[in-house]
Amino acid sequence: MIEFRLPELGEGIESGQVIEVLVSPGDRVTLEQPLLEVETDKAAVEIPSPADGTVVDVLVSAGDTVAINEVLVRINGDSEGKEPASKEPDASATVKEAEEKSPAAAEEPAPETKPAKEEKKPSPPRAPRADGAAPSGPLKVAAAPSVRRLARELGVELGSVSGSGPRGRILEKDVKAHAKAIIRSASSAQAAAPAEPELPDFSRWGKTVTESFSTVRKLTAERLTQAWTAPHVTQFDKADATRLEELRKLNKERVAEAGGNLTVTAILVKALSRALSEFPKFNSSIHMGSRTIVYKKYVNIGVAVDTERGLLVPVIRDVDKKDVTQISVELTDISSRAREKRLSADRLQGGSFTITNLGGIGGTFFTPILNPPEVAILGVSRSSFEPAYVDGEFVPRFMLPLSLSYDHRIIDGAEAARFLRWLCEMLESSPESIFEGAV
């Protein structure tokens, strides 16, 4: 008998809500056949069967909230199947196996000497500081390189973490638990502020309907509340996109043949990869607790997608290494997947900058809110023809409104103005360069 449990679905995901159960007791299922659909904080995913067999019992219903490693379905596996039921790993076994195979388990069991050896490796476990200086002081704690990397990414000081591994070795779960404790502490400090007032009884004035947040809406509300704690400023500008629009129309059919849709968003994603190389501070994150800045050497851009379940931000990775055709194809694919609930949780992680385009709906300018832990976001509004004074006369020019919101704790107003003007001037003076290398 196979007890199929909810597996790990992504970084930081601890539970999910069952949207739909796709099988019933007595049903025959095959390996990888979807058993149910679960919505997490990040996306809706289908949970596949771990083996061929017959469904004996379904322990959850639509609307239930289930935790990682909770039993969902019991299956009587076929004896002739490739994977015997006794060998089917549940989520806890997978975690245990991963820990046993991790670098921490492979290291020698002498924590008092291992950190010193790690410091002598050609590739130090600490990333260099943004100003080029070497990290100060040796690492005294026992932790694998992957754990040290996670701690750097989360802004956690390893020396303050209590290890639960052998001989006090720090594991990934210890770092995550410590980071959560910091967040909870910050939340408690915020909770000391005046509580949100209770809503009045609206039913006194007419009929009302109350419904709970969806999982995506709940996460959106929490993240935007978190983002609002950062001091936002928004810089506005317009780019003369007349020549850019001509090039977009000229290359649109060629990109369509490759399977993509050449939109202004796809073009701006490519343009932003160059702007972020010129202004690395906009491709960073800050941690106020440790007073540090993390400069990212990769360019992963999230693109806001409007779906019936709410706003999702799938990420296109390494855009600086892709041409505009590849970006267009990938953007078309992830946008469709987001709207059809087929987007994996992994595609919603790892962004370093976000772009949100409302031009298809309308409007001129708006003030987008940061997508933490990023420090900047670009808003795009609807382009339109406007009269411009050129060479002594007014001529129609196709103008593109842009809104850049940024975290004023790390980015000053003058830097934001330079960034946005640099982006506009590139779109105006050298739009052809955006299409270089495109198939």
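Computed from a predicted structure; not experimentally measured.

A. Spotlight on the packing of helix 8 (residues 264-278) against helix 10 (residues 413-429). At a minimum axis distance of 10 Å, the contact between helix 8 and helix 10 shows a crossing angle of 130°. Classified by the interaxial angle, the pair formed by helix 8 and helix 10 is oblique. Handedness of the crossing formed by helix 8 with helix 10: right-handed. Contacts between helix 8 and helix 10 pair Leu268, Ala271, Leu272, Arg274, Ala275, Leu276 and Glu278 from the former with Phe419, Trp422, Leu423, Met426 and Leu427 from the latter.

B. Looking closely at the nonpolar core. By size, the foremost hydrophobic cluster in this structure holds 54 residues, and its most contacted members are Leu378 and Leu427. For this core, the secondary structure elements donating two or more residues are helix 7 (242-257), helix 8, strand 12 (301-303), helix 9 (324-339), strand 16 (353-357), strand 17 (376-380), strand 19 (393-407) and helix 10. The element contributing the most residues to this core is helix 8, with eight residues. Each residue touching leucine 427, except ones within four places of it in the same chain, is listed here: Ala239, Asp240, Leu244, Leu268, Ala271, Leu400 and Ile434. The next biggest cluster of nonpolar side chains, apart from the first, holds 23 residues, and it includes Leu9, Val23, Val45 and Val55.

C. Quick peek at the pairing of strand 8 (residues 71-77). Relative to strand 8, strand 1 (residues 2-5) is paired through four bridges, and the arrangement is antiparallel. Bridged to isoleucine 2 within strand 8 is isoleucine 75. Two elements, strand 6 (residues 53-58) and strand 8, share five bridges in a ladder whose sense is antiparallel. Of the residues in strand 8, the one forming a bridge with aspartate 57 is arginine 74.

D. Main features of the side chain of asparagine 371. Looking at the secondary structure, you find asparagine 371 in the loop between strand 16 and strand 17. We classify asparagine 371 as buried; its relative accessible area is 17%. Reaching out from asparagine 371, the side chain makes a polar contact with the side chain of threonine 354 at a distance of 3.3 Å. Each residue touching asparagine 371, except ones within four places of it in the same chain, is listed here: Arg223, Val313 and Thr354.

E. Here's a closer look at the confidence of the model for the protein chain. Of all residues in the protein chain, 81% have pLDDT values of 70 or greater, and the mean over the chain is 81. Mean pLDDT across the secondary structure elements of the protein chain bottoms out at helix 2 (residues 103-106), with 40, and peaks at strand 17, with 97. In this model residues 80-139 is a low-confidence stretch, pLDDT under 50, and it forms 62 contacts with partners more than four residues away in sequence or in other chains.

F. Representation of helix 8. Taking 1.5 Å per residue as the helical rise, helix 8 with its 15 residues ought to reach 21 Å, and the 21 Å between its terminal C-alpha atoms agrees with that figure. Counting buried positions over the 15 residues of helix 8 gives eleven, a clear majority of the element. Among all positions in helix 8, only Thr265, Ala266, Ile267, Leu268, Val269, Lys270, Ala271, Leu272, Ser273, Ala275 and Leu276 are buried.

G. Geometry of the packing of helix 8 against helix 9. Here helix 8 crosses helix 9 at 125°, and the two axes come no closer than 9 Å. In terms of orientation, helix 8 and helix 9 fall into the oblique class. Viewed along their axes, helix 8 and helix 9 form a crossing whose handedness is right-handed. In this structure, helix 8 uses Thr265, Ala266, Ile267, Val269 and Lys270 to contact helix 9, whose residues at the interface are Val324, Ile327, Ser328 and Leu331.

H. Representation of the environment of serine 164 within the structure. Note that serine 164 resides in the loop between helix 4 (145-154) and helix 5 (172-191). The residues touching serine 164, leaving out its near neighbours within four places in the chain, are Arg169, Leu171, Lys173 and Asp174.

I. A look at the pattern of salt bridges. Within the structure shown, the criterion is met by 17 salt bridges. With a shortest N-O distance of 2.7 Å, glutamate 386 and lysine 238 are connected by a salt bridge. Taken together, the residues span a long stretch of sequence, with glutamate 386 in strand 18 (residues 384-390) and lysine 238 in strand 9 (residues 232-240) at a distance of 148 residues. With a shortest N-O distance of 2.9 Å, arginine 248 and glutamate 245 are connected by a salt bridge. Note that arginine 248 and glutamate 245 are positioned in helix 7 at a spacing of three residues, about one turn of the helix.

Definitions and cut-offs
Residues numbered from 1 in each chain as written. Predicted model: local features only at pLDDT ≥ 70, side-chain atom pairs only at ≥ 80, totals over all residues. Heavy atoms only, no water. Axes fitted to C-alpha atoms, helices over the stretch in contact; angles between N-to-C directions. Helix = DSSP H or I, 4+ residues; strand = E, 2+ residues; numbered from the N terminus. Parallel < 35°, antiparallel > 145°, perpendicular 65-115°, else oblique. Left-handed = near helix turned anticlockwise from the far one by under 90°. Contact = heavy atoms within 4.5 Å. Core = buried A, V, L, I, M, F, W, Y, C linked by side-chain atoms within 4.5 Å. Buried < 20%, exposed > 50% of the residue type's maximum accessible area, 1.4 Å probe, protein only. Pairing = 2+ DSSP bridges. Polar contact = N/O pair within 3.5 Å; in protein donor to acceptor, adjacent residues only side chain to side chain. pLDDT = per-residue confidence, 0-100. Expected span 1.5 Å × (residues − 1). Salt bridge = Lys/Arg side-chain N within 4 Å of Asp/Glu carboxyl O.

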